[in-house]
Every structure is written in C-alpha cells, then in structure tokens.
Amino acid sequence: MRSERKLSESNRDRRSRAYEALAFVTRGLDACTSERALAIRRTTSKAHLDVFALVSNNATKYHVIWSERLLNNRIGVGLLPHRAAIPESLRAFAGPRSAHTKPAFLLWVANLPPRYKNVWHVEDDVLFSGPWGRILHTRDEADILAHSCRVRPKSWYFSRNGAASDTNGGLCTFDNKPCSAFAEARVDGRFLRIIFWPIVRMSTLYLSRLTAHLLAHGSTTSRGHHEALVAIFCSSMGANCTMRSLPTHLIGRFELGGAPGASRIMDVTAPDKVYHPYKCGEAMNLHGSVRMPARTGQKRGVT
C-alpha cells in the first residue's frame, strides 16, 4: 500500500511539473550540427524537455537525410518561418548577423502547444563541455535566464534597431521613448542590460506578451534589436517578469559574433562550461562532445 501511494505521488509530481521546449536554431543541418542537437538530447532528461531542431533556410535533400536521423532520436525538426512571412512589425527585432531568425523564433513559439512553461533558445555554435542536463535542468523560476552584461546607453544596441532596412541606424525605441531613457542609474554611471541570445531560456508567458506587444507596436513605437529590447520589455512588466543570469560557474568563454577573433574555434579549457562561438568543424567526436586537452590551459575571461 505504501509503495502504491509513493508511486501515485510520483506520477502526480510528474504531471504537475511543467514541460520545457528547446529550440536548437541552425542555418542548416549537416553531420556536425545534427550531432550537436543529438548531444543535447542524449545528455538531458527526456521526461520534461522536448528538443526541436529549427532550420532557418530552405530544406534540401541534404537536410532531409539528417532530419530523418534526428526524428528517429526523438528530436523534432522544422523550418523557421521564411523572411517573407515575417510581419513588418517584427523586423526591427532582427539583427545584422542573425537576420530574421529571432522574430521567426517568436512566431514559432506562438504556435507551440500550451503545455510548455519555458522555451530554451540555443544557437548551433554554442558548446557545453559536459552533459547538457547540468545547465538545462534548473529549478530557477525566472522568466528570463541568460548570460548578460550591462552597457552604456550610447552603445550601438540602443542607437539603432535591428531592421535590415535601417542599416544606417534607425533609433531603438520602446513605448515611443528612446531605449536609452530606460537606463539604470548606478554609482559608476547609467547602464542598460543586454540579454545574450546564443543560449537563453524564456517563459512562454513572457514571450507571448512580448510578441503581442511587438505585433501591435513594432512598426511604430517599439522598435529595437532583440538583445536590447528583451530586458527593457521585461522591466516594463514590473513584478510580472523576473530576470536572472545563468550560473557564472557554468560560463567558460562567451563572446558575441562581432568580437575580435570570434570566428575562430575556441580552445575548450574546462569541463561543464558554456563556450560561444564554437564553430563546427574541429574537436568534435562522433558523440557530439569535445576532446579535452591533456592539460587545462589558462582560464579565459568572461565577457
């Protein structure tokens, strides 16, 4: 009787736990990117995390071959909405390097089943040098969980938005105010928070409200780059939105795509760390993990 009661309680706990989705966003499926998606699936619990590989360009026969392999390993495969399908009100949320993938991600999340409480966004050049469960299986209830930094209001993130047509600098605005107006006053100056998208988890409640706001106002009063606007919108929600950083002990080396030398492949110097950008091509074995060096090198700084 006692064991039956424990089993019943265990089943009830499973049902009460919220599901999460993980979007592995890639420009195309090949041997390397599919192995990276498989590494996430193999090293995380299958009970409450659904993994999806989202391809941002047109499907080809080459992609189909790898798609079938992912599907056979319980990884969903889909195409992100084409750029032509992105409403004008969402295009300023894009970026000069990531093109339309971020607004396309918002539209993809909007069509997910309601069982998901949170969604991870993971780009294909993010590497975790250990079992992915160690970073994805977290009890943190924040609406936004990400690596972030603070920048001054004069940063390019806030001097322009992400619309491709605004190459020369359309102003970042929120609720018809310059984004710089939302800077936080600190002892050493005024700063705004940047949310880094290579690996970020956001609640579906937050994402639904952000998408609704941009669809309604993204063509007029709220136009900003995705790394800039996410934190500002969360702050505008007051107590209904919380932001926290990924644990610092899990961050190895983290650079954005425009950083000097960011296109090169990084040296992985420690286990259980996030590295970005870690491009496909080197140090990958058939299991999607990395070959650790014989000796740990000098610890890299964190941006």
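Below is a summary of the structure that appears in this document. (Residues numbered from 1 in each chain as written. Predicted model: local features only at pLDDT ≥ 70, side-chain atom pairs only at ≥ 80, totals over all residues. Heavy atoms only, no water.)

### A closer look at the packing of helix α4 (residues 101–110) against helix α7 (residues 204–217)
Note the threshold: Where helices are involved, their axes are fitted lines through C-alpha atoms of the stretch in contact, as for all axes, and angles between N-to-C directions lie from 0 to 180°. Where helices and strands are cited, they refer to DSSP runs of H or I of at least four residues and of E of at least two residues respectively, numbered from the N terminus. Relative orientations are named as follows: roughly parallel for angles under 35 degrees, roughly antiparallel for angles over 145 degrees, roughly perpendicular for angles from 65 to 115 degrees, and oblique for any other angle. Note on convention: the crossing is left-handed when the near helix lies turned anticlockwise from the far helix by less than a right angle, right-handed when the turn is clockwise. Whether two residues are in contact is decided by their heavy atoms: any pair within 4.5 Å suffices. Residue type decides the class: Asp, Glu, Lys and Arg count as charged, Ala, Val, Leu, Ile, Met, Phe, Trp, Tyr, Cys and Pro as nonpolar, and the leftover types, Gly among them, as polar.
Across the interface, α4 lies against α7 with an axial gap of 10 Å and an inter-helix angle of 120°. Accordingly, the angle class assigned to the pair α4 and α7 is oblique. Where α4 crosses over α7, the two elements pack in a sense that is left-handed. Contact residues: F105, L106 and V109 in α4; L207, L210, T211 and L214 in α7. Grouping the amino acids of the contact of α4 with α7 by side-chain chemistry returns 6 nonpolar, 1 polar and no charged.

### Here we look at the nonpolar core
Stated formally: Each nonpolar core is a collection of buried residues, namely Ala, Val, Leu, Ile, Met, Phe, Trp, Tyr and Cys, held together in the definition by side-chain atoms within 4.5 Å. Remark: exposure states derive from per-residue accessible area (1.4 Å probe, protein chains only) relative to the maximum for the residue type, with buried under 20%, exposed over 50%, and partly exposed in between.
Residues F105, W108, I144, M202, Y206 and V230 are the most contacted members of the largest nonpolar core, which totals 40 residues. Of all the secondary-structure elements, those providing two or more residues to this core are β1 (19–26), α4, β4 (116–123), β6 (144–151), β10 (189–203), α7 and α8 (226–236). When residues no more than four places from it in sequence are discounted, the contact partners of W108 are A23, F52, L54, L80 and V119. Core analysis: the next-biggest nonpolar cluster, separate from the first, contains 32 residues, A37, A53, F196 and L250 among them.

### Details of the packing of aromatic side chains
Under the convention used in this document: Pairing of aromatic side chains requires ring centres within 6.5 Å, counting the rings of Phe and Tyr and the six-membered ring of Trp. Pairs whose planes differ by under 30 degrees are stacked, by over 60 edge-to-face, and all others tilted. Over a ring means this: the NZ of a Lys or the CZ of an Arg is within 6 Å of the ring centre and within 35 degrees of the ring normal.
Counted under the stated rule, the structure contains 10 aromatic pairs. Ring centres of F174 and F233 lie 6.1 Å apart, and the angle between their planes is 80°; on these two criteria the pair is classed as edge-to-face. Here F174 is found in strand β7 (residues 173–174), whereas its partner F233 is found in helix α8, with 59 residues between them in sequence. Judged by relative accessible area, F174 falls into the buried class, the value being 2%. What links up through ring pairs into an aromatic cluster is the set F52, F93, F105, W108, Y116 and W197. Directly above the aromatic system of Y19 lies the positively charged group of R115, at a separation of 5.7 Å from the ring centroid.

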